[in-house]
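Commentary on secondary and tertiary structure
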Amino acid sequence: RLLKHLNSINPKHIVTFSDVTSFANFIKGSKFESRVIVIQPCLLDMRKTSWKTFILFILRRFLDKLVSRGGMKSRHAWGDTLLKATFLVWSDIERTFLEFKGRKVLVSGPEVYCFPHKKNVNKTHDVVVIAPHFNLYKSGQLVSEYFFTLMKIIDKMPEYHFKIKYHPANNVLIPTLSGVEVIAELDDIQLEEAIFVLCGYSNVAIMASFLNDSVFIMDTKYYSNPYINSNNFFIVDKDDLGDFYSSLDNKKPSHLTNYFVASDEFNIWRNSIHNNGQSEVND
């Protein structure tokens, strides 16, 4: 029914934000696959697939052909299903990642960093702590080490008011921190006015870096992220906090905004799409 509908309306382009969907599975291999434009909706998870997940999706692909005729989610990563689609991505990091898979990729560079940033904002004495996703920790020991390090920092800085935001999906038992305010919501203003921000290897750290020049990465479990490195962030060594204390007076503006710039190829492609549309309207 889906393919009949697409044949009846015969769209010139189909825009979507994911190809890890039933829709993508159903149109894969049809003439409409090459007409799809997939826009990157968020920072991508580029971690390697575990053997368990790899085997699970092989089984799903087998069942997909036998039972659901394409409707089952049988691919794990964004960009793995629609091989002939055009992928609009945010930066050269994703372009390299997807071109390695043989995809057609254009760097669109959306204004991901255009937050309502106020210059020369008056800083408060608040420190915002964005806790990592403890559900993904493999042991309680790692959680304990995180809070042990955090408490050492808090005890060393009685002049600051620490606010901590936990991951909404966290169901791991965590200690009660004396003198620390637990906040349910976190907005741009809180991040911007904080004297500094403590965060883990999270996409939230990247967003926070566009609002605050002093974002520190502190985690006891390392998640590989091509954006989060020592060039763009202060990386806190839990075993040696000396560098952390000495770097608090320094500003380390992120260079991440340099990544999110539309490519020449994208601008040419966008103009061609626009011009084609205008000529059709004029005709």
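Residues numbered from 1 in each chain as written. Predicted model: local features only at pLDDT ≥ 70, side-chain atom pairs only at ≥ 80, totals over all residues. Heavy atoms only, no water.

1. Considering the overall build of the chain
Counted only if it meets this: Each helix is a run of DSSP H or I of at least 4 residues and each strand a run of E of at least 2, with the numbering of both proceeding from the N terminus. The rule is simple: take the accessible area with a 1.4 Å probe, protein chains only, and divide by the maximum for that residue type; under 20% is buried, over 50% is exposed, in between is partly exposed. Only heavy atoms enter the contact rule, under which two residues are in contact if any of them lie within 4.5 Å. Computed with the Shrake-Rupley method and a 1.4 Å probe, the accessible areas treat only the protein chains shown as cover for residues.
Along the chain, the regular secondary structure elements total 9 helices and 10 strands. When each of the 283 residues of the chain is scored for burial, the buried share is 41%. By sequence separation, contacts in the chain at least 24 residues apart represent 61% of the contacts at least 6 residues apart. For the chain, the accessible surface area stands at approximately 16,200 Å², while carbon and sulfur atoms represent 55% of it.

2. Remarks on the sheet that holds strand β9 (residues 215-217)
Threshold: At least two DSSP bridges between two strands are needed for those strands to be called paired.
Ordered in space as β7-β6-β5-β8-β9-β10, the 6 strands form an open sheet in which the pairing is parallel. Among the strands making up the open sheet, the edge pair consists of β7 (181-182) and β10 (234-235). For strand β6 (residues 161-165) and β7, the ladder comprises 2 bridges, and the chain directions are parallel. Opposite K163, over in β7, you have E181 as the bridge partner.

3. A few points about the pattern of salt bridges
This is how it is decided: Salt bridge, as used here: a side-chain nitrogen of Lys or Arg that lies within 4 Å of a carboxyl oxygen of Asp or Glu.
All chains considered together, the criterion is met by 6 salt bridges. Across the salt bridge formed by D92 and R95, the nearest N and O atoms sit 3.1 Å from each other. With D92 and R95 both in helix α4 (residues 92-99), this residue pair falls 3 residues apart, about one helical turn. When its relative accessible area of 14% is taken as the criterion, R95 is described as buried. Here E265 ties to R95 by a salt bridge, and the two come within 3.6 Å at their closest N and O atoms. With E265 in helix α9 (residues 264-282) and R95 in helix α4, this residue pair connects regions lying 170 residues apart in the sequence. The class for E265 is partly exposed, based on a relative accessible area of 41%. Bridged by salt links that share partners, the residues D92, R95 and E265 form one connected network.

4. Thoughts on the confidence of the model for the chain
Going by this rule: Residue-level confidence of the predictor is summarised by pLDDT, bounded by 0 at the bottom and 100 at the top.
Residues with a pLDDT of 70 or more make up 86% of the chain, whose mean pLDDT is 84. Counted against residues more than four places away or in other chains, residues 279-283, with its pLDDT under 50, gives 1 contact.

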